[in-house]
There are 2 protein chains.
Amino acid sequence: MPRIAVDAMGGDCGPEVVIEGALEAAADGIDVVLYGGGIDARGLDLVETREVIAMDEKPADAVRAKPESSLVAANRAVGDGEADAIVSAGNTGAMLAAGLLHIRRLPGVMRPAIAVVIPARYGASVLIDAGANADARPEHLLQFAHMGAVFAAEVLERPRPVVRLLSIGEEPEKGNQLTLEAHELLAEDPALDFQGNTEARQLLRFAGDVIVCDGFTGNVALKLLEGTIAEVLDALREEVASTTRGKLGGLLIRHAARGMRARLDPETYGGAYLLGLRGLSVIAHGNSSAKAIANAVRLAARGVEHGVVDRLAHRVPDRVASARPAS
Amino acid sequence: MPRIAVDAMGGDCGPEVVIEGALEAAADGIDVVLYGGGIDARGLDLVETREVIAMDEKPADAVRAKPESSLVAANRAVGDGEADAIVSAGNTGAMLAAGLLHIRRLPGVMRPAIAVVIPARYGASVLIDAGANADARPEHLLQFAHMGAVFAAEVLERPRPVVRLLSIGEEPEKGNQLTLEAHELLAEDPALDFQGNTEARQLLRFAGDVIVCDGFTGNVALKLLEGTIAEVLDALREEVASTTRGKLGGLLIRHAARGMRARLDPETYGGAYLLGLRGLSVIAHGNSSAKAIANAVRLAARGVEHGVVDRLAHRVPDRVASARPAS
C-alpha cells in the first residue's frame, strides 16, 4: 500500500481542511502520514514539524531558511524513501525547490515540470508545463513533451500519445521565438508523435494527448480555463434565477448541469504531478477543499501504483538524449 | 460620416460574407468602400484590386510581394487619407505589416499592439496586446499599458483606468523575466493607476480596466477564453438535450442562455483595434460572419467618431517619454 506524506500546513484553508481530506483518502486504505505542528491528527500518523512556509514566501529562500518546515520535511521523507509520494497544497515554488533539493532530479532531466490533466470534452489531455518553469528554453519544451508522453502512455493509457505544441496559430511559422525553436526540435524527434501546433481555442475540446508549453503560458492557460468555466456557469445560474420561468428551467436541468460541473471541476483531479524527480510529488490547489485534498492523495497513490517515476526513469533519459539546444 | 475601407477578400468565409456584413453596416449610414477583385459590390463603392493575401502567407513577404492586394491597398487608403479606418478579417500579421508600412507608427510608439475588449462580468476590460507582438520587451508592455489606458478612458469612458499586469500570481515577485521587469516599470510610472499583477482566473470576472501582457500570452488567453465559453455552453446544451426533463428545462432557460451567449459572443465586438498607428485599423476574426463584419465596421466608425487616433497622438507620446529599457 503506498505511503503518502501529506503537508498538513499547506494551502489557504488551514490544516483542518487538509486533515479532513487526508482522512477521506485514508478511508480508501491509503497509508497517509501527516507533516505538521500543533494540529490534531485525528488518528493519522503524524510527524511533528516546527515551521511553516507561507504561500507568499520566496521559494528558494524559504526552503533554505526552514529545513524543519512541514513542506520541506515531507519532501525529505520522499527523498529518504520513508514515503512514496508527497502531497501539498502549499507554495508551488517551494514544492519545486524542496523537490529539487531533497527528492532530486531524475538523471538526464534538465527541469522538472508540472503535468496537469485537462478534462477536455473528447478525452483528457496532459498539459505540461503548467507552472514550474516561468521561463523555459526550447530544449526544455522537448523534455516536457517526452515526460508528458510517458505520463499519457502510462497513466492515461494512450499507447502512442499525440503531442501538440500550444501556440498562436496552427501553422509552424506562427508563434514566439520559444515556440518556433521548440517546434523544430519536436518535429525532428522520431520518438514523438508530434502533430504540430494547436491553438488554445481547442484546449477544452481536445487538442491532443499531450499539450506542451512553457510554465508561464501553461499556468495562465490553466487558471484561465478554471476561471472561465466557473464564471460561465455562475453567470448562467444568475441569469436563470432572475425569472420564475428560468428558475423552473434551472431545476429541470440541475442534474445535467451538475454532471458537467463535476467533470470540469478542478477538484475532480485534485492536483498536478511534478514530473522529472526521483520520487512522486503532487501539488494541489492552494484553495483546495477537503475533497480536493482527498483526490490529490488518491492521485499520488495511483501514480505510485502505476510506477510513474520508475517508468519515467527508464524511458525519459533515453528519449531526451536527442534534446540538444537549437543554438 | 466616417469612411471605412473594408478588405472584401480577407477572412475564411469568402467575399460574399464580408460584403453582406459591409452592407449591414452601410445601412446604419456608415460610408463603406470595398477593396477587392472579381466581386459583386452590391451597390457599395468598390476599389478594384488584383491580388489577395492568403491567411497562411508570411506577413512581411506577402505585403512586400503584393502591393496591389486588397489588404495592402486598403491600408494605403488610410495612410493616404482616402479612408478614415480599415477593417479586415484577413491575415493578422499582414495587417500589422501593412499598417506599419502604409499607415505608419505614431511618434514615440515602439510597437503597435492589438487591443481587444473582453466582455467581463462586472465591466468590460481592454486586453492589450492580444497578438501583434509574439515577443515583447518590458518597455513595450509599459507602452501597451499607456495605449490601453487611453483607449479605456476615451472609448470605455473610464476616466482613471485601473491597469493590471497579467501574470501567474498576484504577488510582484511572481511571473517570468518579462513580467517581473515590466512590473517594475509599471509600478514606477506615476501617470498610470497600476494596481499590480492579476491572474488569468479573474479575466472573465473583471480584473481591471486594462490588462497588459505580451502578444503571445494575450493571444493564447483570448483564444482560450473564446473556446472555453463556447465549449462550456455546447457541453451544457448536449447534457441538457440528453433527457426529456432536461429538454423541457432547456426550453425554459433558453432566453436567459441567449442573453449570456450574446454578451460573451466575440461577434458582439466584431474586431480588435490595432493601436499605435497614425490611422485606425480594425482586425476582425478570421472566421467572421456577416454580423461580425458589420460590428467590426461599426467599431471602426465609433473609433473614428471618438477620435481615438488623435487622442492617442496627443497623449501617448507624452506618456511614453518615461518608457526606458530596464537594462
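Residues numbered from 1 in each chain as written. Chains lettered and ligands numbered in written order. Predicted model: local features only at pLDDT ≥ 70, side-chain atom pairs only at ≥ 80, totals over all residues.

## A closer look at the overall build of chain A
Here is the rule: A run of H or I in DSSP counts as a helix once it spans at least four residues, and a run of E counts as a strand once it spans at least two, with each numbered from the N terminus. Atoms counted for the radius of gyration: C-alpha only. Globule rule: 2.2 Å times residue count to the power 0.38. Whether a residue is buried, exposed or partly exposed follows from its count of other C-beta atoms within 10 Å of its own C-beta, namely 20 or more, 12 or fewer, or something in between, respectively; the C-beta atoms are built from the backbone. Once C-beta atoms are placed from the backbone, any two residues with those atoms within 7 Å are in contact.
When helices and strands are tallied, chain A shows 10 helices and 11 strands. Here the C-alpha atoms of chain A give a radius of gyration of 20 Å, agreeing with the 20 Å that 2.2 N^0.38 yields for 327 residues. A total of 327 residues make up chain A; the buried ones form 59% of that total. Considering only intrachain contacts with a sequence separation of at least 6, the fraction spanning at least 24 residues in chain A is 71%.

## What to know about the sheet that holds strand β1 (residues 3–7) of chain B
All names here are of chain B. Note the threshold: Two strands qualify as a pair provided that DSSP identifies no fewer than 2 bridges between them. An axis is simply a line fitted to the C-alpha atoms; with a helix, the fit covers only the stretch in contact. Between two such axes, the angle follows the N-to-C directions and lies from 0 to 180 degrees.
The strand order across the open sheet built from 11 strands is β3-β2-β1-β4-β11-β10-β5-β6-β9-β7-β8, with neighbouring strands paired in mixed fashion. Pairing within the sheet leaves two strands with one partner each, and these edge strands are β3 (45–48) and β8 (193–199). If you compare each strand with its neighbour and ignore which way they point, the axes differ by 30° on average. Note that strand β10 (residues 271–275) and strand β11 (residues 280–284) share four bridges and pair antiparallel. Of the residues in β11, the one forming a bridge with Y273 is V282. Packing against the sheet, helix α9 (residues 290–305) makes contact with β1, β2 (31–36), β4 (85–88), β10 and β11, and its axis sits at approximately 160° to β11.

## A few points about the domain arrangement of chain A
Residue and element names in this part refer to chain A. Stated precisely, the cut-off is as follows: These domain boundaries are the output of an automatic or database domain assignment. Nonpolar residues are Ala, Val, Leu, Ile, Met, Phe, Trp, Tyr, Cys and Pro. Charged residues are Asp, Glu, Lys and Arg, and all others, Gly as well, are polar.
By the assigned domains, chain A splits into domain 1 (1–109 + 276–307) and domain 2 (116–267). The C-alpha centroid of domain 2 is placed 25 Å from the C-alpha centroid of domain 1. Counting residues per element, the ones that place at least two in the side of domain 1 that touches domain 2 are α4 (92–103) and α9 (290–305). Tallying contributions element by element places α9 first for the side of domain 1 that touches domain 2, with three residues. Each residue belonging to the side of domain 1 that touches domain 2 can be placed in one class, and the counts come to three nonpolar, six polar and one charged.

## A word on unusual backbone geometry
Phi is mostly negative for residues that are not glycine, and the peptide bonds are mostly trans. All names here are of chain A. Geometrically, the link from I128 to D129 is a cis peptide bond, its omega value of 15° lying close to zero. Structurally, D129 can be placed in the loop between β6 (125–128) and α5 (138–154). The phi angle at R104 is positive, at roughly 70°, despite the residue not being glycine. Locating R104 in the fold gives a position in the loop between α4 and β5 (113–118).

## Section: the sheet that holds strand β3 (residues 45–48) of chain A
Residue and element names in this part refer to chain A. Taking strand neighbours across the sheet as the criterion, the 11 strands line up as β3-β2-β1-β4-β11-β10-β5-β6-β9-β7-β8 in an open arrangement whose pairing is mixed. Across the chains shown, the open sheet's two edge strands, defined by having one partner strand only, are β3 and β8 (193–199). On average, adjacent strands in this sheet sit at an angle of 25° to one another, irrespective of strand direction. Judged from the five bridges that link them, strand β7 (residues 162–167) and β8 form a sheet pairing that is parallel.

## Focus on the interface of chain A and chain B
Counting residues at the interface gives 52 residues for chain A and 52 residues for chain B. Every element with two or more residues in the side of chain A that touches chain B is listed here: α7 (215–240) and α8 (244–264) of chain A. Among the elements that make up the side of chain A that touches chain B, the one with the highest residue count is α7 of chain A (19 residues). Here the side of chain A that touches chain B is composed, by residue class, of 23 nonpolar, 15 polar and 14 charged.

## Notes on α4 of chain A
Residue and element names in this part refer to chain A. Burial analysis of α4 places 10 of its 12 residues in the buried class, which makes it a mostly covered element. Taken residue by residue, α4 has T92, G93, A94, M95, L96, A97, A98, G99, H102 and I103 as its buried positions. Residues of α4 that are buried sit in contact with α2 (59–65), α3 (70–79), β4 (85–88), β10 (271–275) and β11 (280–284). One or two steps after α4, the chain reaches R104, where phi turns positive at roughly 70°.

## A few points about the relation of the copies chain A and chain B
Our working rule: In superposing the copies, a least-squares fit is computed on C-alpha atoms, taking residues whose pLDDT is at least 70 in both.
Between chain A and chain B, which share one sequence, the superposing operator has a rotation angle of 180° and an axial displacement of 0.0 Å; the RMSD is 0.0 Å. The superposition of one copy onto the other is thereby described by a two-fold rotation axis. Every residue of chain A has its C-alpha some distance from the rotation axis, and the shortest such distance is that of G249 of chain A, at 1.9 Å. Comparing contact sets, 100% of the residues at the interface of chain A also lie at the interface in chain B, consistent with an isologous, same-surface contact.

## Looking at the environment of E157 of chain A
On the secondary structure map, E157 of chain A appears in the loop between α5 and β7. Sequence-wise, E157 of chain A and S70 of chain A are 87 residues apart; in three dimensions their C-alpha atoms are separated by 34 Å.

## Description of the packing of α5 of chain A against helix α6 (residues 177–188) of chain A
All names here are of chain A. Our working definition: Every angle not falling under 35 degrees, over 145, or within 65 to 115 is termed oblique; those three ranges are roughly parallel, roughly antiparallel and roughly perpendicular. Each crossing is labelled by how the near helix is turned from the far one, with a counterclockwise turn of less than a right angle marking it left-handed and a clockwise turn marking it right-handed.
Between α5 and α6, the least distance of the axes is 8 Å, while the angle of their chain directions is 50°. Taken together, the axes of α5 and α6 are oblique relative to one another. Crossing handedness for the pair α5 and α6: right-handed. Along its contact with α5, which presents P138, E139, L141, L142 and A145, the element α6 presents L178, E181, A182, L185 and L186. Residues that form the contact of α5 with α6 fall into these classes: eight nonpolar, no polar and two charged.

## A word on the environment of D209 of chain B
Relative to the assigned elements, D209 of chain B resides in the loop between β8 and β9 (210–212). Beyond its immediate sequence surroundings of up to four residues, D209 of chain B is in contact with S125, V126, A152, L156, R158, P161 and V162 of chain B.

## Quick look at the packing of α7 of chain A against helix α7 (residues 215–240) of chain B
In contact at an axis separation of 9 Å, α7 of chain A and α7 of chain B are set at 35° when each is read in the N-to-C sense. The crossing of α7 of chain A and α7 of chain B is right-handed. Residue-level contacts link T217, V220, A221, L224, L225, T228, I229, V232 and L233 of chain A of α7 of chain A to T217, V220, A221, L224, L225, T228, I229, V232 and L233 of chain B of α7 of chain B. Grouping the amino acids of the contact of α7 of chain A with α7 of chain B by side-chain chemistry returns 14 nonpolar, four polar and no charged.

## Remarks on the environment of V126 of chain B
All names here are of chain B. For V126, the position within the fold is in strand β6 (residues 125–128). According to the C-beta neighbour criterion, V126 is buried, with 29 such atoms within 10 Å. For V126 and V163, which are 37 residues apart along the polypeptide, the C-alpha to C-alpha distance reads 9.5 Å. Not counting chain neighbours up to four residues away, the residues in contact with V126 comprise A115, V117, G148, F151, A152, L156, D209, V210 and I211.

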